[in-house]
Amino acid sequence: MTPKEAKNYVAGTLERDQPYERLLRQVVLEGELTHDRTGVGTLSTFGTRMEFNLQDGFPLVTTKKVFLRGIIAELLWFIAGDNKVNTLQKQNVHIWDEWVLPDGTIGKGYPIQWRSWHKTDGTTVDQLSNALDLIKHNPNSRRIIVSAWNAGELDEMALPPCHALFQFHVRGDGFLDCQLYQRSADMFLGVPFNIASYALLTMMIAQECGLRPGDFVHTLGDAHLYLNHADQVAEQLSRTPRPLPTLRLNPAVRSVFDFRYEDFTLENYDPWPAIKAPMSF
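**Q** How should the side chain of asparagine 150 be read in this particular structure?
**A** Within the fold, asparagine 150 resides in the loop between strand S5 (145–147) and strand S6 (163–170). A residue is classified by how much of its surface remains accessible, and asparagine 150, at 7% relative accessible area, is buried. With sequence-adjacent residues up to four places away left out, asparagine 150 is seen in contact with Gln113, Trp117 and Met157.

Here it is in structure tokens:
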């Protein structure tokens with residue numbers, strides 16, 4: 001299916017869409033045809049956002065089945081500061097296999113920057129722990145930020161961070177909000193993972209800090225659809241979104257660093273079937 005055919009196919013009402021489907025449709029209808037480093041080509045928009053109220057349900061996409069087990073495994077891997085790909089492979093999670101370096105790691109990517117940002121004096125900064133401390137002891141701070149975009153170490157990463165920076169905000173009514181800035185967003189394959197991952201991270205941190213999960217705001221730089229995903233996107237946008245599921249956290253876990261896979265329970269997830277599509281490199 002050509003980009004023009006895809007635009008014609010998905011044109012229609014937006015009222016039934018949830019935030020993800022609404023933006024997916026917008027990229028198809030308004031995206032500019034661009035040439036990218038993969039050689040595949042994309043429809044691309046710049047400077048968009050989605051908002052999810054986490055009190056309304058867990059924002060796991062329902063118009064196709066999403067691999068939640070992989071999302072949880074990857075997030076726990078980031079939180080642990082572990083960059084060894086075989087940690088995921090032992091759990092039959094292979095989402096990083098294409099980017100593994102000869103030493104078996106992803107280099108100084110997300111886990112290292114979140115937990116062990118290297119300073120020029122040889123020491124490291126645990127950004128995630130610092131964010132937790134600020135939420136608990138200085139909740140009005142405007143500096144509750146974790147950045148994966150370390151310009152001095154990009155050439156030591158298997159892949160420059162796509163979801164580059166996130167910030168927390170504590171509301172006076174006891175809610176914890178999170179805003180993510182994602183510089184590059186593969187709308188079909190990657191973004192459903194990113195939405196669920198940061199929503200879950202917000203829920204975990206809120207539980208440790210005695211807060212309620214509030215809003216997850218997802219700000220995107222280059223939001224794009226690869227041209228070889230046009231048929232799959234058209235199929236997905238022909239489906240009506242279903243009610244959001246509920247994700248429950250084990251209330252006995254009081255530290256973000258103590259969560260294990262078995263501490264998460266997904267309820268009432270009734271997605272449409274999965275849709276396969278090729279990864280572009």
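**Q** I tried to follow the pairing of strand S7 (residues 175–186) on my own but got confused; where do I start?
**A** Moving residue by residue along a regular strand, the side chains alternate between the two faces of the sheet. Among the 12 residues in S7, nine count as buried, and that is most of the element. Linking S6 to S7, which pair antiparallel, is a turn of four residues; within it glycine 174 sits at a positive phi near 90°. Between the parallel pair S7 and strand S8 (residues 212–226), the chain is carried across by helix H7 (residues 191–208), and the sense of this crossover is right-handed.

**Q** Sorry, what's going on with helix H6 (residues 127–137) here?
**A** Quick reminder: α-helices carry 3.6 residues per turn. Residues three or four places apart thus point the same way. Restricting attention to buried positions, one finds in H6 the residues Gln127, Leu128, Ala131, Leu132 and Ile135. End-on view of H6: buried residues confined to an arc of 140°, all on one side of the axis.

**Q** When you look at the packing of aromatic side chains in this model, what are you seeing that I'm missing?
**A** Working definition: an aromatic ring pair is given by the centre-to-centre distance plus the angle between the planes. All chains considered together, the criterion is met by 13 aromatic pairs. Geometrically, the ring pair formed by tryptophan 77 and tryptophan 96 is tilted, given 6.0 Å between the ring centres and 50° between the ring planes. One end of the pair, tryptophan 77, is in helix H3 (residues 68–80); the other, tryptophan 96, is in the loop between helix H4 (85–89) and helix H5 (110–115), with 19 residues separating them in the sequence. The exposure classification of tryptophan 77 matches that of tryptophan 96, with both residues buried. With a centroid separation of 5.7 Å and an interplanar angle of 85°, the aromatic rings of phenylalanine 166 and phenylalanine 168 are classed as edge-to-face. On the basis of relative accessible area, phenylalanine 168 is assigned to the buried category, the value being 1%. A cation sits over an aromatic face here: lysine 64 above phenylalanine 188, 3.5 Å from the ring centre.

Parameters at a glance
Residues numbered from 1 in each chain as written. Predicted model: local features only at pLDDT ≥ 70, side-chain atom pairs only at ≥ 80, totals over all residues. Heavy atoms only, no water. Helix = DSSP H or I, 4+ residues; strand = E, 2+ residues; numbered from the N terminus. Buried < 20%, exposed > 50% of the residue type's maximum accessible area, 1.4 Å probe, protein only. Contact = heavy atoms within 4.5 Å. Pairing = 2+ DSSP bridges. Right-handed = clockwise from strand over helix to strand, strands pointing away. Arc of directions from axis to C-beta. Phe/Tyr/Trp six-rings, centres within 6.5 Å; stacked < 30°, edge-to-face > 60°. Lys NZ or Arg CZ within 6 Å of the ring centre and 35° of its normal.

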